[in-house]
Amino acid sequence: MPIQTDMEQKIIEAAIACVERLGEANATVREIAREAGVNAAAINYYFRSKAQLMERVYEKTLENAFDWSDFAESAGAGARARMAHILSHLTAGAQAYPGITRAHFLTLLDSRDERSAPTHMFFARFLDRMYDDMVFRGATPGDALRDRLIQAVSAAVLGIGLHVNLWDGFRGADMKKPAARDRYIEEL
C-alpha cells in the first residue's frame, strides 16, 4: 500500500463516516468531500474515483478490524479463552461500524463485485492465522476445527455484530452490552 498523506487519511475517515451514516450507495463523492471539508476535486486528485477511494477504505478497515496486535492481551490464554477474546473484539468492532461491516460482507456475497477477491483473501488469511493459533494452543487440527472457526466468526460478526437488535426481542438479551455479548460468545 502506498504511503498515505494526511489529506488522504482525512478523506478515508470521512468516507468511513459517510458509509456509516448513509450506506455505501448514498455516500457520494460530494457527501464525502463535505464530511472531509474539502472539495470533490481533492477526492479525484488523491483517489481518481469513488471506487478507488472505497477500495482503500476497505483495505484500511480490514487491516484495522483484523489487526492481530489487538488480541495481545489474550496471548497467554488457552484456545477457548483466546477464541472468545478474538470473537468478542470482532463483534464489538462490527457493532461499532455496522455500515462498513455490512459493506464488507456484501462484497463477499456478491462474487461479481471485483472487491470480493481481496476481501475473500483477507478473511481467508485471518482464518488461517486463527486456525494456526488455535492448534498452537492445543485445539485438535483438522476440518472440524476449520468448520467451527468459520461458524463461530460468522455467528459472532454477522449474528450479533450486524443483527444486534434481533436478539433483543427473540432472545431477550441486549447484545450491545458486553456482558450479554460475552456470554453468547462463550456459548459459541
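Rules used in this analysis
- By convention here, each chain's residues receive numbers from 1 onward along its written sequence.
- Selection of residues for local features in this predicted model requires a pLDDT of at least 70, selection of side-chain atom pairs for listing and counting requires 80 or more, and totals for whole chains, interfaces and linings are taken over all residues.
- As a rule here, side-chain values come from all non-hydrogen atoms in the structure, and water together with hydrogens is ignored.
- Orientation is described by lines fitted to C-alpha atoms, with helices fitted over the stretch in contact, and by angles between N-to-C directions that extend from 0 to 180 degrees.
- Put simply, DSSP marks the helices as runs of H or I at least four residues long and the strands as runs of E at least two long, and each gets a number from the N terminus on.
- Orientation categories follow fixed angle ranges, with anything under 35 degrees roughly parallel, anything over 145 roughly antiparallel, 65 to 115 roughly perpendicular, and all other angles oblique.
- Here, residues are in contact when the closest pair of their heavy atoms is within 4.5 Å.
- Three classes are used, and their members are as follows: Ala, Val, Leu, Ile, Met, Phe, Trp, Tyr, Cys and Pro are nonpolar, Asp, Glu, Lys and Arg are charged, and the others, Gly among them, are polar.
- Salt bridge, as used here, is a side-chain nitrogen of Lys or Arg placed within 4 Å of a carboxyl oxygen of Asp or Glu.
- Only protein chains enter the calculation, and the probe is 1.4 Å; a residue is then buried if its accessible area is under 20% of its type maximum, exposed if over 50%, and partly exposed in between.
- Residues grouped as a nonpolar core are buried Ala, Val, Leu, Ile, Met, Phe, Trp, Tyr and Cys residues, joined through side-chain atoms within 4.5 Å.
- Each residue after the first adds 1.5 Å to the expected span of a helix.
- Regarding the arc, it is the one traced by the directions from the helix axis to the C-beta atoms.
- Polar contact is defined as a pair of N or O atoms within 3.5 Å, subject to the rule that within protein one atom must be able to donate a hydrogen and the other to accept it, and that residues adjacent in sequence are counted only when both atoms are side-chain atoms.
- Pairs were defined over the aromatic rings of Phe, Tyr and Trp, the Trp ring being its six-membered one, requiring ring centres within 6.5 Å. Orientation was assigned from the angle between planes: stacked under 30 degrees, edge-to-face over 60, tilted for the rest.
- Any Lys NZ or Arg CZ that is within 6 Å of a ring centre and within 35 degrees of that ring's normal is treated as a charge sitting over the ring.

Engineer: Mind laying out the packing of helix H4 (residues 50-65) against helix H6 (residues 98-109), listing which residues take part and the relevant values?
Structural biologist: The contact between H4 and H6 brings their axes to 11 Å, and the two run at 105 degrees. Viewed along their axes, H4 and H6 adopt a mutual orientation that is roughly perpendicular. Residues Val57, Tyr58, Thr61 and Leu62 of H4 form the contact with H6, whose own contacting residues are Ile100, Ala103 and His104. Grouping the constituent residues of the contact of H4 with H6 by class yields five nonpolar, two polar and no charged.

Engineer: Help me get a handle on the pattern of salt bridges, residues and values and all.
Structural biologist: A full pass over the atoms with the stated rule returns eight salt bridges. One salt bridge connects Glu186 with Arg80, and the closest N-O pair in it is separated by 2.7 Å. One end of the pair, Glu186, is in helix H10 (residues 178-187); the other, Arg80, is in helix H5 (residues 79-96), with 106 residues separating them in the sequence. On the accessibility criterion, Arg80 (58% relative accessible area) is exposed. Because the salt bridges share partners, they merge into one network encompassing Arg21, Glu31, Arg34 and Glu35.

Engineer: So what's going on with the nonpolar core? Residues and values would help.
Structural biologist: Counting residues in each nonpolar core, the largest one holds 35 residues, and the members touching the most others are Leu87, Phe126, Met130 and Met175. When contributions to this core are tallied by element, the ones reaching two or more residues are H5, H6, helix H7 (116-136), helix H8 (143-162), helix H9 (164-170) and H10. The element contributing the most residues to this core is H8, with eight residues. The contacts of Phe126, once residues within four sequence positions are left out, are Phe66, Trp68, Phe71, Ile86 and Leu90. With 21 residues, the next largest nonpolar core counts Ile12, Val38, Ile43 and Tyr58 among its residues.

Engineer: Mind laying out H8, listing which residues take part and the relevant values?
Structural biologist: The end-to-end C-alpha separation of H8 is 27 Å, in line with the 28 Å expected for 20 residues at 1.5 Å each. Listed as buried for H8 are Leu145, Leu149, Ala152, Val153, Ala156, Val157, Gly159, Ile160, Gly161 and Leu162.

Engineer: Help me get a handle on helix H3 (residues 40-47), residues and values and all.
Structural biologist: Those residues of H3 lying buried are Ala42, Ile43 and Phe47. Down the axis, H3 shows its buried residues gathered within 100 degrees of arc, on one side only. Between the side-chain oxygen of the N-cap and the backbone nitrogen of Ala41 there are 3.1 Å, and the N-cap of H3 in question is Asn39. Phi for Arg48, located one or two positions after H3, is positive at around 75 degrees.

Engineer: Explain the side chain of Ser74 to me, using residue names and the numbers behind them.
Structural biologist: Mapping Ser74 onto the fold places it in the loop between H4 and H5. A polar atom in the side chain of Ser74 sits 3.1 Å from the backbone oxygen of Phe71. Setting aside anything within four residues of it in sequence, one finds Ser74 in contact with Arg82, His85 and Arg137.

Engineer: Give a description of the packing of aromatic side chains that names residues and reports values.
Structural biologist: Considering all chains together, one arrives at seven aromatic pairs under this definition. Ring centres 5.1 Å apart and planes at 80 degrees place the aromatic pair Phe66 and Phe123 in the edge-to-face group. Here Phe66 is found in the loop between H4 and H5, whereas its partner Phe123 is found in helix H7, with 57 residues between them in sequence. Phe123 carries the same exposure label as Phe66, and that label is buried. Ring geometry for Trp68 versus Phe126: centroids 5.4 Å apart, planes at 65 degrees, classification edge-to-face. With Trp68 in the loop between H4 and H5 and Phe126 in helix H7, this pair connects stretches of sequence that are 58 residues apart. Three or more aromatic residues joined by ring pairs form one cluster here, namely Phe66, Trp68, Phe71, Phe122, Phe123 and Phe126. A cation over an aromatic ring shows up here: Arg146 above the ring of Tyr131, its NZ or CZ 3.8 Å from the ring centre.

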